[in-house]
Each structure stands twice: as structure tokens, then as C-alpha cells.
Amino acid sequence: MSHWLSQIDPDSVRRTPLGARGHNLLLTPQAAPQPLLLSQEEQELVDGWLKSRRNRMRWSSLLALADSHALAANLLRRLLEAGWCEVELHAETGLRLSQLEPFWVQWLDMYGLRHLLGMADARPQTEVVELWRGWQPRHPLLLGLAESLSPHLQSSTLERRLKLAQALDQWLLDGCWGTERQFSQRALGRSKAFGAADRQWLAEFGVDLEACGIAAHTPHVFLSGPLGLWAGQQCLLSAALLQQGVALGPEALMSVSAVEGAIRSVRIVENLSVFQTLSQQALPVLTIWVPGQPHQRWREAVRHLLTLLRVPVQIACDLAPSGIAVAMAAGQVAEQAGRPWSPWRMQPEQLTLANGAQPLSEAEQTQLARLMGGGLPPLLHGLAMEMQEKQCKVEQEALFIEDRGD
């Protein structure tokens, strides 16, 4: 084993063979980045390493910036173990596996590292502000982000947010759909770099991650019912299995060319526990879960399936402004498939009868007023008026706790 590799704590770093024959080695930290106390000399060296703003650097390039080879090697080891970088070890032609040495260094959160170590921002404040002012999103879902610039923030924070905004814009234009970790890897070069502060910032300026195709877990279309799904001559999914409730990728649903079995309606519900409750009732109904504002790929897959089913669609969501918005979005999918739809279990009186009512926030009151001004179907308009009068909302789950069917 090389001297440098022998210094690595095996409990804090995972080792993964790389290459066709596994001769190279990837060292990945086991935990999220942790605070690290560095000397003044080490801080100056890290500052030099990060000036290029490149996430991936050759170790030879980083080593050339150091006066001491030993200091640089020890610093790289500490940064790796503390979770700030990944290191690829390569063996030159003719060398044995035991002689692997650092070759590539991948920074996992360079902005967080600079901020945590209290380093000066590499770019002047005015330069980053101008970059923000010159950026305009190409996707309409992000129009509000263009107004999120706050010149009082540190330039490292502003630069990080601009990088996220640009990555999210491209993600939407490419039609991507995946997990937060997949988006984080694409935007920031590390699967766990995207965090609570980023979510809060995006939510504050009206960005719904679900609508952007970014979910906490692998996104699928959840559905259940007594139907068999066919793709050409091949049975994609039997009715016995679908009745129990399954999660399918949108591509699988798009390949369905025919359905087998009889149902009387399709029910689209917002709450996953409600979906599970309805799936257990074994009714002649196809139940689909809509995870908040539906992403374009969810819409396309469900619209395709609805075109194969000549039955009406019922939609049940939270008795809340956001629930009304989701119901309208799902209803639009039904309309595009040529199927009539109606709200289900969203009558105005249920807002009063249900347990667990909660007060509307100021943001929800604003959203409610906007929805009422945009035109709603009569039943949803009545629900919105009741919400406005009572100044409360009810989560959908509360309406189905004692549910036993129709």
C-alpha cells in the first residue's frame, strides 16, 4: 500500500475500484462535510486550490501550488476524511496496485468549504451581483427566482444560489425527473450538498420542487386497481399485482397500449396514506397518487393512461389552497385526455365537519385569493369561499381516517 493511502482512516472513507480491471480506486467520504480546524498556511493553500472554481482538479495541479509536498498530502487526507472531497487514485502503467497515488480531486461543496473556513470570497461582491442581474430564467416556473437577488448576502452564497438557479433552469429545459440527491449531484457536484436552506430559499420565491421534477425519493407514478396493463402482445402488469398498488416509471406507463379489466372511474388523490387506504378497499376503481404539483413527465404518463380508459375521473386533494391548485392541475390532465373530471370529497361542508382544521397562513390567503380570481369549477369555488370565511384548511388524510369506501 502507498504511504499516502496507508494514512487514510478506513472507517471514514469508502473505497470503490474503478476502471475496466478495477486497477484505480475512488475514495469517497462516508459522512457529510464536517468542520475542520486549519492552520493559516493550510487555509492559504485551500484558498489557492479553490480559486479556479473548478469542481474537479488534477492532484498534480494542486500540488504545484504548495511549497511543501508533505503539507499538501496531509491536508488532502484531512479534507477527504472530513467529507469535503473525493479522491481518485491511479497507478501509472507498470506500477503495482499497491503504488496507487492521488490523481483527481473532486470538490463536493467548495462554496460551503470557503464559508465554513471563513475565507474571503474569490469574486468581489459587485461582480457576483452583476452576474445575478444579467441572468434571466428560460423556464417560466423560475421567473420568481430572478427577483431573489439580495446584495446584502455574502458573494459565496449569491454565487451558490446562482449556480443552483442556472442548474435548475437547465434541469427543467431538459425535462429531467429525479431525486434531490440527483439534482444536487448535477448542480453542485455532490449528492448531499443541496439542503434545507436551499429548499427554503426556493420555496420563498415560489419554486415547487415537485413541480420541477425533484422529489425526496425516486419519483414514480403510484397506482392501484383491478386492471391488467399490456404493451403490445406482452403483459406488462397483471391485474392481481396492480390491485395491490405499484409504483411505475413514467416510461413504463407510456409503453402501455391496452388495458384489460373493468373499472367505473379513476380517482386521483393527493395524500399517499389515502392512496394506500383506497388500494386496500378492492373497489372497481383505478387509484392514482399525485405527489403535489405534478411534473410534466407524470402528466404525460397519466394522460396517456387516461386516454385508454373511457371512464370519468374524480380528484380528491387537501381542503387547502394548495390542494385546490393540485386538483386543477390534475383536472387539466384529465381534460387533455378527453375525460370528464370532478372534485371528490372536496365539498365545502366537509371543511366544517372534518377534524384537525388548521388556520390559513398569510401566504395561503394570498394563494386562495389568486385561485378565486382565476376561475374555479363551481364546487371548488364553493370550497374556496368556505375556506375564506372560516380561515382554515384541512389535510385530506383527516377525511379518510374512518373511510370504508363509498
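For clarity, every value in this text was computed on a predicted model and none was experimentally measured.

(A) Representation of the overall build of the protein. Within the protein one finds 17 helices and 18 strands. With the C-alpha coordinates aligned to their principal axes, the bounding extent of the protein is approximately 75 × 55 × 35 Å. Across the 406 residues of the protein, 49% fall into the buried class. Of all intrachain contacts in the protein linking residues separated by at least 6 positions in sequence, the fraction that spans at least 24 positions is 70%. About 19,600 Å² of surface is accessible on the protein, with carbon and sulfur atoms providing 51% of the total.

(B) Representation of the pattern of salt bridges within the structure. Inspection of the entire model under this criterion finds nine salt bridges. Of the charged contacts in the structure, one is a salt bridge between aspartate 198 and arginine 160, with a shortest N-O distance of 2.8 Å. Remark: arginine 160 occurs in helix α7 (residues 155-173) and aspartate 198 occurs in helix α9 (residues 196-204); sequence separation between them is 38 residues. Its salt-bridge partner being glutamate 180, residue arginine 199 comes within 2.8 Å of it at the nearest N-O pair. Of the two residues, arginine 199 sits in helix α9 while glutamate 180 sits in helix α8 (residues 180-188), which places them 19 residues apart along the sequence.

(C) Main features of the packing of aromatic side chains. Considering all chains together, one arrives at seven aromatic pairs under this definition. Here tryptophan 49 and tryptophan 107 contribute two aromatic rings whose centre-to-centre distance is 6.2 Å and whose plane-to-plane angle is 35 degrees, an arrangement assigned as tilted. Residue tryptophan 49 is located in helix α2 (residues 40-50), and its partner tryptophan 107 is located in strand β5 (residues 101-107); the two are separated by 58 residues in the primary sequence. Tryptophan 107 carries the same exposure label as tryptophan 49, and that label is buried. Ring geometry for phenylalanine 222 against phenylalanine 275: centres 6.2 Å apart, planes inclined by 90 degrees, an arrangement best described as edge-to-face. Of this pair, phenylalanine 222 sits in strand β8 (residues 221-224) while phenylalanine 275 sits in helix α12 (residues 272-279), and the two are 53 residues apart along the sequence.

(D) Inspection of unusual backbone geometry at higher detail. Not every positive phi belongs to a glycine, and alanine 282 is a case in point at roughly 55 degrees. Structurally, the position occupied by alanine 282 is in the loop between α12 and β14 (285-289). On the basis of relative accessible area, alanine 282 is assigned to the exposed category, the value being 54%.

(E) Representation of the side chain of lysine 393 in the model. Note on placement: lysine 393 falls in strand β18 (residues 392-393). Residue classification places lysine 393 among the buried residues on the basis of a relative accessible area of 18%. Among the polar contacts listed, one links the side chain of lysine 393 to the side chain of glutamate 364, at a separation of 2.6 Å. Discounting chain neighbours no more than four positions away, the residues touching lysine 393 are Leu319, Ala320, Leu351, Gly356, Ala357, Gln358, Pro359, Leu360 and Glu364.

(F) Representation of the pairing of strand β9 (residues 228-231) within the structure. As defined by bridge partners, β9 adjoins strand β12 (residues 258-260) across three bridges and the pair is classed as antiparallel. By the bridge assignment for β12, leucine 229 is matched with valine 259. For β9 and strand β10 (residues 234-237), the ladder comprises three bridges, and the chain directions are antiparallel. Counterpart to alanine 231 in the pairing with β10 is glutamine 234. Counting the residues between successive antiparallel strands, the hairpin from β9 to β10 contains two residues, one of them, glycine 232, with a positive phi of roughly 65 degrees.

About the criteria used
Residues numbered from 1 in each chain as written. Predicted model: local features only at pLDDT ≥ 70, side-chain atom pairs only at ≥ 80, totals over all residues. Heavy atoms only, no water. Helix = DSSP H or I, 4+ residues; strand = E, 2+ residues; numbered from the N terminus. Buried < 20%, exposed > 50% of the residue type's maximum accessible area, 1.4 Å probe, protein only. Contact = heavy atoms within 4.5 Å. Areas by Shrake-Rupley, 256 points an atom, 1.4 Å probe, with all protein chains shown as cover. Salt bridge = Lys/Arg side-chain N within 4 Å of Asp/Glu carboxyl O. Phe/Tyr/Trp six-rings, centres within 6.5 Å; stacked < 30°, edge-to-face > 60°. Polar contact = N/O pair within 3.5 Å; in protein donor to acceptor, adjacent residues only side chain to side chain. Pairing = 2+ DSSP bridges.

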